[in-house]
Amino acid sequence: MKKTFLVIICSFGFLACSNKDRKEDLLLEIDRLKIENDSLMKLSRIEKTPTNYWFDSDFDGEAFLDQGIIDPVFLIESSLREQPELIPLKAVLGGTMHFGNIQLLSSEWLIADFDDGHIMGRAIYEYDLNKDKEVDFKLLHVLGPE
């Protein structure tokens, strides 16, 4: 009887220790997985490059590439940003109109939003590369406050 009781007590003690070790192992595994998850989340944010469904530099930007322009998207966007006078709305309450998001739609068109902090709008522009390797723009349609 004493031996059976001793065996039972030892078994419970052994199981209690192994459960404690198992719990510590699981907590360490949770911490490791949290760290790995955080690292993967950071990588996914870093490696996620914005893609443009509508514009492909190699295809739609071929005329630019043929003239030695390495980054047609940058050239077109920066050219438009340098010409805020192309914004068809006038600023109000002392604001200054500027372009926000610009999305190239094809080898000929783009859509851009603009605002002055008080009013906002969107416009579709036609663009073309001239002989001087400058981008010319023509306003096609505007959406904004009436």
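Computed from a predicted structure; not experimentally measured.

Undergrad: What am I meant to see in helix H3 (residues 72–81) here?
TA: For an α-helix, the turn length of 3.6 residues means that residues three or four places apart are oriented alike. Looking at H3, one finds that the buried residues are Pro72, Ile76, Ser78, Ser79 and Leu80. Where the residues of H3 are buried, they touch helix H2 (62–66), strand S1 (98–104), strand S2 (109–115), strand S3 (120–129) and strand S4 (135–143).

Undergrad: Before we go on, may I ask you to explain the nonpolar core in this structure?
TA: Within soluble globular proteins, side chains that are nonpolar generally end up buried alongside one another. Ile76, Phe99, Leu110, Tyr127 and Phe137 are the most contacted members of the largest nonpolar core, which has 20 residues in total. Those elements that place two or more of their residues in this core are H3, S1, S2, S3 and S4. No other element matches the four residues that S3 contributes to this core.

Undergrad: Could you clarify how one ought to interpret a negative patch on the surface in this entry?
TA: Side chains of Glu108, Asp128, Asp132, Glu134 and Asp136 sit close together on the surface and give a patch of like negative charge. Looking at the element boundaries, aspartate 136 is found in strand S4. We classify aspartate 136 as partly exposed; its relative accessible area is 41%.

Undergrad: What is the right way to look at the pattern of salt bridges in this model?
TA: Two side chains bearing opposite charge may form a pair once their charged atoms approach each other closely. Applying the stated criterion to the full structure yields two salt bridges. Between glutamate 29 and arginine 32 there is a salt bridge; the shortest N-O distance is 2.7 Å. Residue glutamate 29 and its partner arginine 32 are both found in helix H1 (residues 2–47); the two are separated by three residues, about one turn of the helix. A relative accessible area of 42% places arginine 32 in the partly exposed class. Across the pair glutamate 36 and arginine 32 runs a salt bridge whose closest N-O atoms are separated by 3.0 Å. Taken as a pair, glutamate 36 and arginine 32 lie in helix H1 at a separation of four residues, close to a single helical turn. You can call glutamate 36 partly exposed: its relative accessible area is 38%. Among the charged side chains, a salt-bridge network with shared partners connects Glu29, Arg32 and Glu36.

Undergrad: Explain the packing of aromatic side chains here, please?
TA: For any pair of aromatic rings, geometry is given as the distance between the ring centres together with the angle between the planes. Tallied over the full model, the rule gives four aromatic pairs. For the pair tyrosine 53 and tryptophan 54, a centre-to-centre distance of 4.9 Å together with 90° between the ring planes defines the contact as edge-to-face. Seen from their ring centres, phenylalanine 64 and tyrosine 127 are 6.3 Å apart, and the 45° between their planes marks the pair as tilted. With phenylalanine 64 in helix H2 and tyrosine 127 in strand S3, the pair connects residues that are 63 residues apart, well separated along the chain. Looking at phenylalanine 64, the relative accessible area reads 3%, which means it is buried. Three or more aromatic residues link up through ring pairs in this structure, and these residues are Phe99, Phe114 and Tyr125.

The rules behind each value
Sequence order sets the numbering: in each chain, residues are counted from 1 along the sequence as written. This being a predicted model, a pLDDT of at least 70 is required before a residue's local features are given, and a value of 80 or more before pairs of side-chain atoms are given or counted; all residues contribute to the totals for chains, interfaces and linings. Side-chain metrics rest on all non-hydrogen atoms present in the structure, leaving aside hydrogens and water. Relative accessibility decides the category of a residue: with a 1.4 Å probe and only protein chains considered, values under 20% of the type maximum give buried, values over 50% give exposed, and everything between is partly exposed. Numbering of helices and strands runs from the N terminus, with a helix taken as a DSSP run of H or I at least four residues long and a strand as a DSSP run of E at least two residues long. In what follows, residue pairs with any heavy atoms lying within 4.5 Å of each other are defined as contacts. Side-chain atoms within 4.5 Å link the members of a nonpolar core, which is a set of buried Ala, Val, Leu, Ile, Met, Phe, Trp, Tyr and Cys residues. Each patch is assembled from residues with relative accessible area greater than 30% and no salt bridge, linking like charges that lie within 9 Å and nonpolar side chains (Val, Leu, Ile, Met, Phe, Trp, Tyr) that lie within 5 Å. Using a 1.4 Å probe, accessible areas were evaluated by the Shrake-Rupley method; residue-level cover was limited to the displayed protein chains. What counts as a salt bridge is simple: a side-chain nitrogen of Lys or Arg found within 4 Å of a carboxyl oxygen of Asp or Glu. For the purpose of counting charges, residues Lys and Arg are taken to be positive, whereas Asp and Glu are taken to be negative. His and the chain ends are not included. Just so you know, the charge point we use is NZ for Lys, CZ for Arg, CG for Asp and CD for Glu. Ring pairs are drawn from Phe, Tyr and Trp, using the six-membered ring of Trp, whenever the two centres fall within 6.5 Å, and their geometry is named by plane angle: stacked under 30 degrees, edge-to-face over 60, tilted for the rest.

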